[in-house]
Structure formats: C-alpha cells, structure tokens
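So you can see what is in the structure, the chains are spelled out below.
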Amino acid sequence: MTLERLMPKRLIMRLVLLMTLALLPLGLISIWQTRVVVNEAEALSRAGLLARTIDEASAERRLVQNALGVAEGMASVALALDAEQCNRAMDRLIAENDTFIFAGFVARPGIMTCSTADGPIDFTQLPNFEADIARQNAFVQFEPYGPISQQPVLVISQPVRNSDGLQGQMYVSIPHAVALQAIRNTRAPNGLQVASFN
C-alpha cells in the first residue's frame, strides 16, 4: 500500500514540475513583451507631449525670432547713421510696430546715444552691462523691471560688428504683456498650458 500511495504523488509532482518548466518560458516572454509595450507607450507619450509643447510655444518663438531679425537689421542701421538720424530710425521702428517698446544702440564704451529714450544713457552703471558686451552672440533675457521702459520686458540683444570688430550692442525690448498675449492666443482647446522657468 505504501508503494501505491507514493506512485500517484510522484506522478502528480512530475506533472506539476513538467508543466512549470513548460510554462516558464511563456511567462518570461509575456513579461518581456509587456515591458516593451510599456516602454513604447512611455516614449510615445513623451513625444506627444514634446510636440504639443513645441506647438504651444511656437507663437512666442516666432515673436523672439522676429525681434532678433529686427535687432540685427537695426544694428546695421545704427552704424550707418549719425546720432540724430539713428534716433529717428529707432523712433520710427517703435511707432510703426506695437511689438516693441524700446530700441537703442549702446556703443562699445557703454554710452547709448541712439535710442527711443530721451537723451544719452550711461549703461556702464548697469549691473549686467559688462556681461552683455562680453557676449559674442545674440541673446534674449527677461528683465522684471526694464531700466528704461520701467516695466517687465523681454530684452533682445544683438552684437554690432564691422570690419574693426565689436562696436556695441543693439537692444530691442518687448513688453512682457505682449509675449504673454502671444502665448494666450495659441492656447490649445484641450487646456494645455505652457510655462517657462528661468
């Protein structure tokens, strides 16, 4: 009787072991496939969010690209004109374009004699002037309180060069409210909102 009792248990154990070994590869394959699907879903989600973010920020990007182009164009004008003609050109730019609140050229020594401001301005006393002049490329920065416009602005700066090298910086300022309006006008109907952090 003992032998008869052991045989069915051994047979059951063998079947359980055999079934476990047979199903183990299938279980491992299903875990691996699930992991691949989850990774692909995460990648698609990231790509979709990036595409939506780029789409939402496109108006602000166009605004800044336009301002960089204007600054570059006005930089060449600033070198070609005398101070009075240059001031008129800057005033005309501001009068004909609601996007900008200020435009001015700061010569290498740090004195702004060509601008939409009233009279020359000594920029050497401003804390960021030396860093601005040292930059070799155009840049955009947010100023919570523009020194000339007296309000929050995006400052776009373009280095001004000629055959003698760096001659100064051309600045144009966009009121922060204009930049915010550009973002608001492109808000997606599904409620996506873009925030930028400095």
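All figures in this text were calculated on a predicted structure; none of them were measured in a lab.

Novice: When you look at the environment of Ile 121 in this model, what are you seeing that I'm missing?
Specialist: Considering the arrangement of structural elements, one finds Ile 121 in strand β3 (residues 121–122). For the pair Ile 121 and Gly 110, spaced 11 residues apart in the sequence, the C-alpha separation amounts to 8.5 Å. Residues in contact with Ile 121, not counting those within four places in the same chain, are Gly 110, Ile 111, Met 112 and Ile 148.

Novice: What should I look at first to understand the pattern of salt bridges in this one?
Specialist: In a structure, side chains of opposite charge can pair up when their charged atoms sit close to one another. All chains considered together, the criterion is met by one salt bridge. Salt-bridge contacts for Arg 88 lead to Glu 84; the nearest nitrogen and oxygen are separated by 2.8 Å. One end of the pair, Arg 88, and the other, Glu 84, are both in helix α2 (residues 83–96), four residues apart, so they sit about a helical turn from each other. Accessibility expressed as a relative area gives 55% for Glu 84, which makes it exposed.

Novice: I would appreciate a short explanation of the nonpolar core in the present structure.
Specialist: By size, the foremost hydrophobic cluster in this structure holds 23 residues, and its most contacted members are Met 90, Phe 100, Met 170 and Val 172. Elements with a contribution of two residues or more to this core: α1 (2–80), α2, β1 (102–107), β5 (153–162) and β6 (165–175). For Val 172, the contacting residues outside a window of four places in its chain are Ala 67, Val 70, Ala 71, Leu 93, Phe 100, Phe 102, Ala 103, Leu 154, Val 155 and Ile 156. Counting 11 residues, the second-largest nonpolar core is a separate cluster that includes Ala 117, Ile 133, Val 153 and Leu 166.

Novice: Whenever I open this one, the side chain of Thr 99 confuses me. Can you help?
Specialist: Structurally, Thr 99 can be placed in the loop between α2 and β1. Excluding residues that lie within four positions of it along the chain, Thr 99 makes contacts with Leu 63, Ser 173, Ile 174, Pro 175 and Val 178.

Novice: Teacher, can you tell me more about the confidence of the model for the protein here?
Specialist: In the predicted model, the protein carries a mean pLDDT of 80, and 87% of its residues have values of at least 70. Confidence scores differ between elements of the protein, with helix α4 (residues 176–184) showing the lowest mean pLDDT of 73 and α2 the highest of 87.

Novice: How do you make sense of the state of the cysteines when you look at a structure like this?
Specialist: Working definition of a disulfide: a covalent bond connecting the sulfur atoms of two cysteines. Taken as a whole, this structure holds one disulfide when the rule is applied. Each sulfur of the disulfide joining Cys 86 and Cys 114 lies 1.6 Å from the other. In this structure, the disulfide formed by Cys 86 and Cys 114 twists by about -75 degrees around the S-S bond and is classed as left-handed. Remark: Cys 114 occurs in strand β2 (residues 111–115) and Cys 86 occurs in helix α2; sequence separation between them is 28 residues. Of the residues examined, Cys 114 reaches a relative accessible area of 3% and is grouped as buried.

Cut-offs used in this document
- Throughout, a residue's number is its position along its own chain's written sequence, starting from 1.
- Where totals are concerned, whole chains, interfaces and linings use all residues; where local detail is concerned, this predicted model gives features only for residues with pLDDT of at least 70, and gives and counts side-chain atom pairs only at 80 or more.
- Side-chain descriptors were evaluated using all non-hydrogen atoms of the structure, hydrogens and water having been removed beforehand.
- Runs of H or I in DSSP of at least four residues are treated as helices and runs of E of at least two as strands, each being numbered from the N terminus.
- The contact criterion used is simple: two residues touch if any of their non-hydrogen atoms lie within 4.5 Å.
- Put simply, a salt bridge is a Lys or Arg side-chain nitrogen that is within 4 Å of an Asp or Glu carboxyl oxygen.
- Only protein chains enter the accessibility calculation, which uses a 1.4 Å probe; a residue is then buried when its area is under 20% of its type maximum, exposed when over 50%, and partly exposed in between.
- Nonpolar cores were defined as sets of buried Ala, Val, Leu, Ile, Met, Phe, Trp, Tyr and Cys residues, with membership established by side-chain atoms within 4.5 Å.
- pLDDT gives the predictor's per-residue confidence on a scale running from 0 to 100.
- The definition used for a disulfide is geometric: two cysteine sulfur atoms within 2.5 Å.

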